[in-house]
Amino acid sequence: QVQLQESGPGLVKPSQTLVLTCTVSGGSITANNYYWTWIRQPLGQGPEWIGRISYSSNTRYNPSLKSRTSISRDTGKNQFTLHLNSVTPEDTAVYYCARQGMAYEFDYWGQGTPVTVSS
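What you see is a predicted model; the values in this text were computed from it and never measured.

Bringing unusual backbone geometry into the picture now. The backbone of Ser15 sits at a positive phi, close to 80 degrees, despite the residue not being glycine. Position of Ser15 among the secondary structure elements: in the loop between strand S2 (11–12) and strand S3 (18–25). Of the residues examined, Ser15 reaches a relative accessible area of 58% and is grouped as exposed. Phi angles above zero are rare outside glycine, and Tyr104 is one such case at about 70 degrees. Along the chain, the position of Tyr104 falls in the loop between strand S9 (93–101) and strand S10 (106–109).

A word on the sheet that holds strand S1 (residues 3–7). On the basis of which strands lie adjacent, the open sheet formed by four strands has the order S1-S3-S8-S7 and antiparallel pairing. Among the strands making up the open sheet, the edge pair consists of S1 and strand S7 (69–74). On average, each strand axis in the sheet is inclined to that of its neighbour by 20 degrees, with strand direction left out of account.

To continue, consider the pairing of strand S4 (residues 34–41). Extensive coverage of S4 is indicated by the burial of six of its eight residues. When S4 meets S9, the two strands line up antiparallel, connected through eight bridges. The partner of Gln41 across the bridge, within S9, is Val94. Both S4 and strand S5 (residues 48–54) contribute to a ladder of six bridges, which runs antiparallel. Opposite Ile39, over in S5, you have Trp49 as the bridge partner.

A word on the nonpolar core. Among the nonpolar cores identified, the biggest contains 24 residues, and Leu4, Leu18, Val24, Trp38, Phe80 and Tyr95 are the most heavily contacted of them. At the level of secondary structure, the elements contributing two or more residues to this core comprise S3, S4, S5, strand S8 (79–84), S9 and strand S11 (113–117). Considering each element in turn, this core owes the most residues, four residues, to S3. The residues contacting Val24, other than those within four sequence positions of it, are Val2, Gln3, Leu4, Ile29, Trp36, Asn78 and Phe80.

Definitions and limits used
- Residues numbered from 1 in each chain as written.
- Predicted model: local features only at pLDDT ≥ 70, side-chain atom pairs only at ≥ 80, totals over all residues.
- Heavy atoms only, no water.
- Helix = DSSP H or I, 4+ residues; strand = E, 2+ residues; numbered from the N terminus.
- Buried < 20%, exposed > 50% of the residue type's maximum accessible area, 1.4 Å probe, protein only.
- Pairing = 2+ DSSP bridges.
- Axes fitted to C-alpha atoms, helices over the stretch in contact; angles between N-to-C directions.
- Core = buried A, V, L, I, M, F, W, Y, C linked by side-chain atoms within 4.5 Å.
- Contact = heavy atoms within 4.5 Å.

Function-wise, these values are silent; they only describe arrangement.
Encoded structure:
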């Protein structure tokens, strides 16, 4: 059973960088044919795909966030990390990490972590 757990600050000031880490257990982030993704959902809105890092460390980002987003990984800790620069209150949301298969289905999710951007 694969489990994912997000961690990071619940409150970030405007213009700062949001850093969230997803720790994976029960499966390796280097296992073939999986993508490790970040998704967020602002209150009262639909989910927004932020980006992903593949089993081979290739990355792809939402074009609307690409200039501010970076996803990296630590294979020794079986973690992947989101960096979102220059945050504004519009980045306030619940942030989720998830595993995505090659058919683009999301099969395992973290519980989500709320992030508020406010001074």
